Amino acid sequence: MAQQPFNRNFRKPVQKEDEHRINQRIRVPQVRLVGDNVEQGIFDTAQALAMAQAQSLDLVEIVPTANPPVCRVIDYSKFKYDQKKKQKEIKAKAAKTVIKEIRFGPQTDDHDFDFKLKHAIGFLKENAKVKAYVHFVGRQIVFKDQGVELLKRFIAGLEEYGKPEGELKLEGKRMIVFLAPKPKK
């Protein structure tokens, strides 16, 4: 079997280092010590490490940019678990916006318009944003005014459920408007 030539562009996967230095990885002469059941103040790193080991805990560098760096005497695995838990909580609380699209043609009939209007009302009641657009095919772009009229009628029909986020805009062969739900009282 022939040996593969060395590829200079090959990179080893980068391992993500822990964002906090712990115990012997702390390389500064002095640290500010904070935490529960620990005498707070500025100590030599070796002395702070001895205090942590006496309690069977870890010395964790919390704020490395401070002068001297702030360290806490805690169980590192529990600290990481709590941080992951906080991140999950923040992610769960973040509002997820859903955008529903409704497509029209420039010559959309009244029945089709009413049907799509009812769907948009349902979407806005579910707290989803609505992206309504008129798609011009071929030479229909000549009828821009019909598209504007159609979308303005659509906005007027949804006035009590949502409000437009900006003006109508023409992007290529589409005239677009975004509608956001009105806040509930």
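Please read all numbers here as calculations on a predicted model, not as lab measurements.

J.: Would you take a moment to explain the sheet that holds strand S2 (residues 41-44) for this structure?
T.: Strands belonging to one sheet form pairs held by backbone hydrogen bonds; the direction of such a pair is parallel or antiparallel. In space, the 4 strands of this open sheet follow the order S2-S1-S4-S3, with mixed pairing throughout. With one partner strand each, in any of the chains shown, S2 and strand S3 (58-63) form the two edges of the open sheet. Within this sheet the neighbouring strands show an average axis-to-axis angle of 45°, counted without direction. Pairing analysis gives 3 bridges linking strand S1 (residues 30-34) to strand S4 (residues 70-74), with the strands arranged parallel. Paired with Arg32 across the bridge in S4 is Val70. Sitting on the sheet, helix H1 (residues 45-54) is in contact with S1, S2, S3 and S4, with an inclination near 100° to S2.

J.: Even after reading the chapter, I still don't get H1, so can you show me in this structure?
T.: Note on helix geometry: an α-helix contains 3.6 residues per turn, so any two residues three or four positions apart are oriented the same way. Turning to H1, its buried residues are Thr45, Ala48, Leu49 and Ala52. Mapping the buried residues of H1 onto a view down its axis gives an arc of 100°, with all of them on the same face. H1 presents Ala46 and Ala54 as exposed residues on the side facing more than 90 degrees away from its buried surface. Following H1 by one or two positions, Ser56 has its phi on the positive side, about 60°.

J.: Sorry, what's going on with the packing of aromatic side chains here?
T.: Each aromatic ring pair is specified by the distance between its two centres and by the angle formed by the two planes. Tallying each qualifying case throughout the model produces 4 aromatic pairs. Here the aromatic rings of Phe104 and Phe154 are separated by 5.1 Å at their centres, their planes lie at 70°, and the arrangement is edge-to-face. One end of the pair, Phe104, is in strand S5 (residues 99-104); the other, Phe154, is in helix H4 (residues 144-157), with 50 residues separating them in the sequence. We note that Phe104, like Phe154, is buried. Ring geometry for Phe113 against Phe154: centres 6.1 Å apart, planes inclined by 80°, an arrangement best described as edge-to-face.

J.: Help me out: how do you make sense of the pairing of S2 in this one?
T.: Looking down a regular strand, the side chains alternate between one sheet face and the other. As defined by bridge partners, S1 adjoins S2 across 4 bridges and the pair is classed as antiparallel. Across the sheet, Val31 pairs through a bridge with Phe43, a residue of S2. A loop of 6 residues connects S1 with S2, the two strands running antiparallel in sequence, and Gly35 in this loop sits at a positive phi of about 135°.

J.: I tried to follow the environment of Leu117 on my own but got confused; where do I start?
T.: Take Leu117: it is sitting in helix H3 (residues 110-125). Between the C-alpha atoms of Leu117 and Arg153, which are 36 residues apart in sequence, the distance is 9.9 Å. Every residue in contact with Leu117, bar those within four places of it in the chain, is listed here: Phe154, Gly157 and Leu158.

Thresholds applied
- Residues numbered from 1 in each chain as written.
- Predicted model: local features only at pLDDT ≥ 70, side-chain atom pairs only at ≥ 80, totals over all residues.
- Heavy atoms only, no water.
- Pairing = 2+ DSSP bridges.
- Helix = DSSP H or I, 4+ residues; strand = E, 2+ residues; numbered from the N terminus.
- Axes fitted to C-alpha atoms, helices over the stretch in contact; angles between N-to-C directions.
- Contact = heavy atoms within 4.5 Å.
- Buried < 20%, exposed > 50% of the residue type's maximum accessible area, 1.4 Å probe, protein only.
- Arc of directions from axis to C-beta.
- Phe/Tyr/Trp six-rings, centres within 6.5 Å; stacked < 30°, edge-to-face > 60°.

Nothing here speaks to function; it is geometry throughout.
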